[in-house]
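# Close look at the chain arrangement
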Amino acid sequence: MTTAAAPGPALEREPALARLGTMLRIRRFEEKAAELYAAGKIRGFLHLYIGEEAVAAGVMPALTPEDNVVATYREHGQALARGVPAGAIMAEMFGRANGCSRGRGGSMHLFDVSRRFFGGYAIVGGGLPIAVGLALADRLRARPAITACFFGDGAVAEGEFHESLNLAALWRLPVLFLCENNLYAMGTALSRHQSQTDIARKAQAYDVASAAVDGMDVLAVEAAARRAAEAVRRDGRPYLLELRTYRFRAHSMYDPDLYRTKDEIAVWKQRDPIRLLRARLEAEGLLSAETLGQLEAEAEAEVAGAVAEAEAGPLEPVTDLLRDVCASAGT
Amino acid sequence: MKTTYREAVRAGLRQALQTDPGVFLMGEDVGRYGGAYAASRGLLEEFGPDRVRDTPLSESAFVGAGIGAALGGMRPIVEVMTVNFSLLALDQIVNNAATLRHMSGGQLSVPLVIRMATGAGRQLAAQHSHSLECWYAHIPGIRVLAPATLEDARGMLLAALRMSDPVVIFEHASLYPVEGELADAAGPVDLDHAVVRRPGADVTIVTYGGSLAKSLAAAEELARDGIGAEVLDLRTLRPLDLDGIMASVRKTRRAVIVDEAWRTGSLAGEIAACIMERAFGDLEAPVARVCSAEVPIPYARQLEEAALPQTPAIVSAVRAVVGRR
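### So, the overall build of chain A
- Helices and strands together make up the secondary structure of chain A, namely 12 helices and 9 strands.
- A compact globule built from 331 residues should have a C-alpha radius of gyration of about 20 Å, and chain A, at 19 Å, falls within 12% of that.
- Across its three principal axes, chain A shows a C-alpha extent of roughly 55 × 55 × 40 Å.
- Of all 331 residues assigned to chain A, the portion counted as buried reaches 54%.
- For chain A, the proportion of contacts with a sequence separation of at least 24, taken over those separated by at least 6, is 76%.

### Let's talk about the overall build of chain B
- Looking only at helices and strands, chain B features 13 helices and 14 strands.
- The C-alpha atoms of chain B give a radius of gyration of 20 Å, which matches the 20 Å a tight globule of 325 residues would have.
- Taking the principal axes of its C-alpha atoms as reference, chain B extends roughly 60 × 45 × 40 Å.
- A burial count over chain B gives 58% of its 325 residues as buried.
- The long-range share in chain B, meaning contacts at least 24 apart out of those at least 6 apart in sequence, stands at 78%.

### With respect to the pairing of strand β13 (residues 255-262) of chain B
Residue and element names in this part refer to chain B.
- Among the 8 residues that make up β13, 8 are buried, leaving the element largely enclosed by the rest of the structure.
- One ladder, built from 3 bridges, connects strand β10 (residues 203-207) with β13; its direction is parallel. The residue bridging isoleucine 205 from the neighbouring strand is valine 256, located in β13.
- As defined by bridge partners, β13 adjoins strand β14 (residues 288-292) across 4 bridges and the pair is classed as parallel.

### A short note on the packing of helix α4 (residues 86-93) of chain A against helix α12 (residues 289-312) of chain A
All names here are of chain A.
- Interaxial distance between α4 and α12 falls to 8 Å at its minimum, and their mutual angle equals 45°. Judged by the angle between their axes, α4 and α12 are oblique. The chirality of how α4 crosses α12 is right-handed. Between α4 and α12, the contacting residues are Ala86, Gly87, Ile89, Met90 and Ala91 on the first element and Glu302, Val303, Gly305, Ala306, Val307, Glu309 and Ala310 on the second.
- Taken together, the residues of the contact of α4 with α12 sort by class into 8 nonpolar, 2 polar and 2 charged.

### What to know about the sheet that holds strand β9 (residues 195-198) of chain B
All names here are of chain B.
- Within the open sheet, the 5 strands sit side by side as β9-β11-β10-β13-β14. Their pairing is mixed. Since the sheet does not close on itself, it has two edges, and those belong to β9 and β14, each with one partner. Strand after strand, the sheet turns through a mean of 25° between neighbouring axes, direction not considered.
- Strand contacts of helix α9 (residues 212-224): β9, β10, β11 (229-233) and β13, with the helix running at about 170° to β11, the strand carrying the most contacts.

### A word on the sheet that holds strand β7 (residues 167-172) of chain B
Residues and elements named next belong to chain B.
- With mixed pairing, the 7 strands of this open sheet are ordered in space as β3-β2-β4-β5-β7-β6-β12. Looking at which strands have only one partner, the edges of the open sheet turn out to be β3 (52-54) and β12 (236-238). With direction set aside, neighbouring strand axes in the sheet form an average angle of 20°.
- As paired elements, strand β2 (residues 23-27) and β3 share 3 bridges and run parallel to each other. Pairing of leucine 25 across the sheet is with valine 52, part of β3.

### What to know about the pairing of strand β5 (residues 113-118) of chain B
Residue and element names in this part refer to chain B.
- For β5, the tally of buried residues reaches 6 of 6 residues, placing the bulk of the element in the interior.
- Burial along β5 is two-sided: Val113, Arg115 and Ala117 facing one way and Ile114, Met116 and Thr118 facing the other are all buried.
- Bridge analysis of strand β4 (residues 75-82) against β5 gives 5 bridges, and the strand direction is parallel. Note that in β5 the partner of valine 80 across the bridge is methionine 116.
- Bridging between β5 and β7 involves 6 bridges; their strand directions are parallel. Opposite alanine 117, over in β7, you have glutamate 171 as the bridge partner.

### Some thoughts on α4 of chain A
Residues and elements named next belong to chain A.
- When you tally the buried positions in α4, you get 8 out of 8 residues, the bulk of the element.
- By the burial criterion, the buried members of α4 are Ala86, Gly87, Ala88, Ile89, Met90, Ala91, Glu92 and Met93.
- Along its buried surface, α4 packs onto α1 (13-38), α3 (76-82) and α12.
- Downstream of α4 by a residue or two, glycine 95 has a phi angle that is positive, lying close to 75°.

### Considerations on the nonpolar core
- Grouped together as the largest cluster of nonpolar side chains are 209 residues, with contacts concentrated most on Leu176 of chain A together with Ile205, Val256 and Val318 of chain B.
- The two domains that each donate at least three residues to this core are domain 1 (2-181) and domain 2 (195-322) of chain B.

### Some remarks on the interface of chain B and chain A
- Each partner contributes residues to the interface: chain B has 36 residues there, and chain A has 37 residues.
- For the side of chain B that touches chain A, the elements supplying multiple residues, two or more each, are α3 (59-71), α5 (90-97) and α6 (100-103) of chain B.
- Among the residues making up the side of chain B that touches chain A, the classes are represented as 14 nonpolar, 18 polar and 4 charged.

### What about the confidence of the model for chain B?
- When pLDDT is averaged along chain B, the result is 97; 100% of the residues meet or exceed 70.
- Predicted complex metrics record ipTM = 0.95 and pTM = 0.96.

### Some words on helix α1 (residues 5-19) of chain B
Residues and elements named next belong to chain B.
- Between its first and last C-alpha, α1 extends 21 Å over 15 residues, near the 21 Å set by a 1.5 Å rise per residue.
- Here α1 lies mainly inside the structure; 11 of its 15 residues are buried.
- Among the residues of α1, Tyr5, Arg6, Glu7, Ala8, Val9, Arg10, Ala11, Gly12, Leu13, Ala16 and Leu17 are the ones counted as buried.
- Those residues of α1 that are buried lie in contact with β1 (2-4), β2, α2 (43-47), β4, α8 (150-160) and β7.

### Considerations on the environment of phenylalanine 47 of chain B
All names here are of chain B.
- Within the secondary structure, phenylalanine 47 is located in helix α2.
- Accessibility expressed as a C-beta count within 10 Å gives 19 for phenylalanine 47, which makes it partly exposed.
- As for phenylalanine 47 and arginine 14, which are separated by 33 residues in sequence, their C-alpha atoms are 8.8 Å apart.
- When neighbours within four sequence positions are excluded, phenylalanine 47 is seen to be in contact with Leu17 and Val52.

### Here's the deal with the packing of helix α5 (residues 127-140) of chain A against helix α6 (residues 159-170) of chain A
All names here are of chain A.
- α6 packs onto α5 with a crossing angle of 15° between their chain directions and a minimal axis gap of 8 Å. Our classification of the angle between α5 and α6 gives roughly parallel. Considering how the two elements wind past one another, α5 and α6 form a crossing that is left-handed. Contacts from Leu128, Pro129, Val132 and Ala135 in α5 reach Glu160, Phe161, Ser164, Leu167 and Ala168 in α6.

Reading the values: rules and limits
- Residues numbered from 1 in each chain as written.
- Chains lettered and ligands numbered in written order.
- Predicted model: local features only at pLDDT ≥ 70, side-chain atom pairs only at ≥ 80, totals over all residues.
- Helix = DSSP H or I, 4+ residues; strand = E, 2+ residues; numbered from the N terminus.
- Rg over C-alpha atoms; globule rule 2.2 N^0.38 Å.
- Buried ≥ 20, exposed ≤ 12 C-beta atoms within 10 Å, placed from the backbone.
- Contact = placed C-beta atoms within 7 Å.
- Pairing = 2+ DSSP bridges.
- Axes fitted to C-alpha atoms, helices over the stretch in contact; angles between N-to-C directions.
- Parallel < 35°, antiparallel > 145°, perpendicular 65-115°, else oblique.
- Left-handed = near helix turned anticlockwise from the far one by under 90°.
- Nonpolar A, V, L, I, M, F, W, Y, C, P; charged D, E, K, R; others polar.
- Core = buried A, V, L, I, M, F, W, Y, C linked by C-beta atoms within 7 Å.
- Domains from an automatic or database assignment.
- pLDDT = per-residue confidence, 0-100.
- Expected span 1.5 Å × (residues − 1).

Here it is in structure tokens:
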């Protein structure tokens, strides 16, 4: 196991601006989603990614289009960073037929097979065995791809985490396990649900290589994810990368957020991943007000376009209620 | 040729492995041990460890890995040793396998076959004697099969492998040693229809799986008293062949359902309700059920026998329904 305490990689303008752009897109998308939830346009559970943008924005560049992605119910950021069109995601949350899951999944169940985005899984830990199976299929079919599997710190308490790490290691399967540790399993702090809070260390028990990285520093995340993905590709074995992050909003729109202090949230907001990268770029004279304005405008325009697409989307007719239950006749 | 149910299952597995390079088998002790019920004995040696994979005791992980491998283009057959242990994989089967096609708006298919042994009758006590087929039959998005004959043991597996939906196959543990005739070239069978295993005019005994033999024995005994019991083998538990059930019940006008599961919330209850909805006017007597007693299945032989549907209870239930006690 290694801990990425080393100084971050040298700053390169173009990739850094691209990551800033991705994080801004996610942030604006999520802010709009919260607004539309309040307006009643989006219902059900809505889990916002605000504060955690560096994880998706930093990890996705380490993957190829042939790799598989398995995500959780807090997956708008991963979907956007993977290239799932914002309009298809927003339309899904509106429950429209042009949504990426035809309005059958909603916020927690985004799918886009054309981008090998194998979905949002909303039972904590439930996506890990799926990722192991995707990697097994690739191994058996001699497909040179890896499977990236996102899950939270809460999933580490599930048996499926342990079963999946063991199975992937035992069978030498190319799975990149990505633990998005935002310190809370819904409202239960990591220290209140884990005897060993150093999640990356748990991999040792399964003979799986691991590392932990500052999940608020997108460039550090990207460097760590590239190292990890490279190791998985090279060795054909699993790897656990723990991304230490924080969500600025409540767990879901139903959560009154009573289990953590305003001070704690304020301290973490000082390390807002967008603010951190922006400050670093500005300090090195790599980000002009004009460029920032342009990135902001692009994000705003994309979100506005997504909302328009969702608003204009058709409703699936109720007569199609039973479609896609089974491939063959009958349910 | 003369063979056994166990060998019929094995023949189906071998045929699938031979004909489709996408097929592989995984589960607890399916390889070196040869399968807890010896259904896969010899297959590891024949097909190698990539295609006959022993798994850790991680039901959730290896069933989920089967789902993932199916998404990734393979054609996995997952053996869960028994239905009792499948409870540790219920999350993967119910929340993932059954939902992914619908939840993804039709983008995903899960062409996965899950086999498991089921049922009581071997003095294995409460944790190894479950009959939970109806839990699975409750779930939209999966197919549930209960092969009760040698032909179905082989042919249902082969037919299931032609479907692009997840299929759960229940093999009653008492059936593995059953001997019978099976054609060498036996292939896939129809999955859509219940089958009349014994025709009769006076009453329909609706059953499946491990209760078929007991029902046929009851019909034999009843015939000696001039009562013609038609025995209908459901074969597919989801979706039910309601047309087949109604055709028989409309003919005989009486129905007794034999189901090794507990009565409360059982498939027998579902079938009775369907008969009431669709054929109430054709009935000459209330529908009767012969199910297991509402008790965790006990160890002692006489207690276990008393807990399960037995031929005398089926005979009595039929006599009551036809009004000839």
